[in-house]
Each structure stands twice: as C-alpha cells, then as structure tokens.
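Understanding the architecture of this molecule
Below are the chains, spelled out letter by letter.
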Amino acid sequence: MGKKVTLVHTTPVAMGPVNDAFREIYPEAEVCNVLDDRLLADLQDAGGRFSPGLRRRLAKLIDYGESSGTDAILLTCNSYSQVAPPIGELVDVPFFRADDALLDKAVDSGEVIGLIATVPTALEYASGELTARAETLGRTATVVGRLREDAFQALGLGETAEHDRILVETIRELEPQVDVIALAQYSMARVMPLIPADISVPVLSSPHTGVERIKAALGD
C-alpha cells in the first residue's frame, strides 16, 4: 500500500473528479475522503464572506483528516483556498491547497490565461492569485475570466451532460483569445475527456495538476 492522502471536500461534486485523477495518476496512493456537504453552499449563501463559523468547520475537517492518520492532506475547494494557509500550518503533515499547482502551471504556460469557474468565489480568488503569482515572477498575466453559474446549477441538478456542454462551449469561446485555459474547480475536471481534439491551447484541471504535485512531493 502506498502513502495515505486525505481529501477534504466542501461539496460532493468535487469527489468524483479528484478520485478519478488519483486512479489515473497516483493509483498506489490510499485515498480517504472527508466531506462537509454544505460548506461551499453555505459560503455562497453568505455572499462569499468567510464567517468564523465557516472557518471553524473547515479547520475541523482538516484536523479530523490529520488525526485519522495520513501522510498528506489536499483541500479540494478553490473557494476556501484563501483562508486555508493558517489552518494548514497547524497540521504536521504536508498540506496542499486545491489549486496551487494549477495556478503555477497556468502562469508558466502563457501570458494570456483563460479562467473558467462555475461559482463566483472561485473565479474571484483564482483571478487574483494568477495576477499575483505572475508579478512575483516578474511576468505579466492577463486573465480572461468566464463565470458559468448555469453549469454549476446543472451539475447540482444531476444534469451532467448540460454541465459538460456549457464548459466545452466556453472553452471554444476562449480558445482564440488565450494561451492556456484553466478550469478553476475540481468539479469541472469531469469535462477533460470531452474536450475536442482540435482545441489548440492547453486546458488544465486542478485535480490532475494537484495529484501530480502530491505524488512528486511524497516521493512515490
């Protein structure tokens, strides 16, 4: 058995894509899933405001993941990434935020970055992070963002084909304008096998880049 990785989820729709990515990229890992299935929804209901209660709930999930015995923890929610670092510093195992690997790879892939999200907090956070990371490296990043809340609503209703159609449509719209396209949320990675072969720019997903980074860090 390989290393144990605990996945901390704030919505059920993130679970399938990241577990699929582990099976594809890091199958020897032992994966454990921890979920608060209202944590993302409650953040959206609060208008994206991180109340002390929401922060405590996230901290409890991460603490539970460590106390159950694990070699690493991955937070799979982009929207909570901005409040995660102080919590991650309290655990004694490697802690990975949802989209760090994705954002780094996007900045390395071009100056004009297409960013697609299906919830507002994810788009806002990732846009700011891309710009900040490029500036740190002495580069320029222009972010062309697209928010498709209709896709998230379709996914929540179980209309997966409609979710995927909306994302493919948005990818096609962005393609001629950008150097690379980043899918901001784990729930969106399900569209990766459906991306048309004639899309001429790289399309990056958080689960795939995140799992690659964890595998490299754990030395397997």
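Please refer to the structure higher up on the page.
So, a few notes on the structure that sits alongside this text. (Residues numbered from 1 in each chain as written. Predicted model: local features only at pLDDT ≥ 70, side-chain atom pairs only at ≥ 80, totals over all residues. Heavy atoms only, no water.)

**Things to note about the nonpolar core**
The test is simple: What is meant by a nonpolar core is a set of buried Ala, Val, Leu, Ile, Met, Phe, Trp, Tyr and Cys residues, joined one to another through side-chain atoms within 4.5 Å. Here's how the labels work: a residue is buried when its accessible area is under 20% of the maximum for its type, exposed when over 50%, partly exposed in between, all with a 1.4 Å probe on protein chains only. Numbering of helices and strands starts at the N terminus; helices are DSSP runs of H or I of at least 4 residues and strands are runs of E of at least 2. Contacts are residue-level and defined by heavy atoms, with any inter-residue pair within 4.5 Å sufficient.
In terms of nonpolar packing, the biggest core is built from 20 residues, with Val-8, Leu-58, Ile-62, Ile-73, Leu-75, Tyr-80 and Phe-95 touching the most fellow members. Elements represented by at least two residues in this core include exactly helix 2 (39–45), helix 3 (52–67) and strand 3 (72–75). In terms of residue count, the dominant contributor to this core is helix 3 (four residues). Apart from residues no more than four positions distant in its own chain, Ile-62 is found in contact with Val-8, Ile-73, Ile-87, Val-91 and Phe-95. Of all hydrophobic cores here, the second largest spans 18 residues; its members include Leu-103, Ala-106, Val-107 and Ala-122.

**What to know about the sheet that holds strand 1 (residues 4–9)**
Cut-off, in case you're wondering: Any two strands with at least two DSSP bridges between them are considered paired. In this analysis, axes come from line fits to C-alpha atoms, helices being fitted only over the stretch in contact, and the angle between any two N-to-C directions falls in the range 0 to 180 degrees.
In space, the four strands of this open sheet follow the order 2-1-3-4, with parallel pairing throughout. The open sheet has two free edges, formed respectively by strand 2 (30–35) and strand 4 (95–96), since each of these has just one partner strand. Across two bridges, strand 3 lies against strand 4 in parallel orientation. Considered in strand 4, the bridge of Leu-74 is made with Phe-96. In the packing of helix 3 onto the sheet, the strands contacted are strand 1, strand 2, strand 3 and strand 4, and the crossing angle to strand 1 comes to about 165°.

**Thoughts on the sheet that holds strand 7 (residues 180–183)**
Spatially, the four strands line up as an open sheet ordered 6-5-7-8, and their pairing is parallel. Two strands lie at the open edges of the sheet, namely strand 6 (142–147) and strand 8 (203–205), each paired on one side alone. Strand after strand, the sheet turns through a mean of 25° between neighbouring axes, direction not considered. Sheet analysis places strand 5 (residues 112–117) next to strand 7, joined by four bridges and oriented parallel. Looking across to strand 7, one finds that Ile-116 is bridged to Leu-183. Across the face of the sheet, helix 9 (residues 206–218) comes into contact with strand 7 and strand 8 while running at roughly 65° to strand 8.

**Some details on the pattern of salt bridges**
Put simply, the test is: Salt bridges, as used here, are contacts in which a Lys or Arg side-chain nitrogen is within 4 Å of a carboxyl oxygen on Asp or Glu.
Summed over all chains, the structure comprises 20 salt bridges. Glu-169 serves as the salt-bridge partner of Arg-165, at 3.1 Å between the closest nitrogen and oxygen. Remark: Glu-169 and Arg-165 occur in helix 8 (residues 160–174); sequence separation between them is four residues, near one turn of the helix. With relative accessibility at 41%, the residue Arg-165 sits in the partly exposed group. We classify Glu-169 as partly exposed; its relative accessible area is 39%.

So far we have only geometry, and geometry alone does not tell us how the molecule works.
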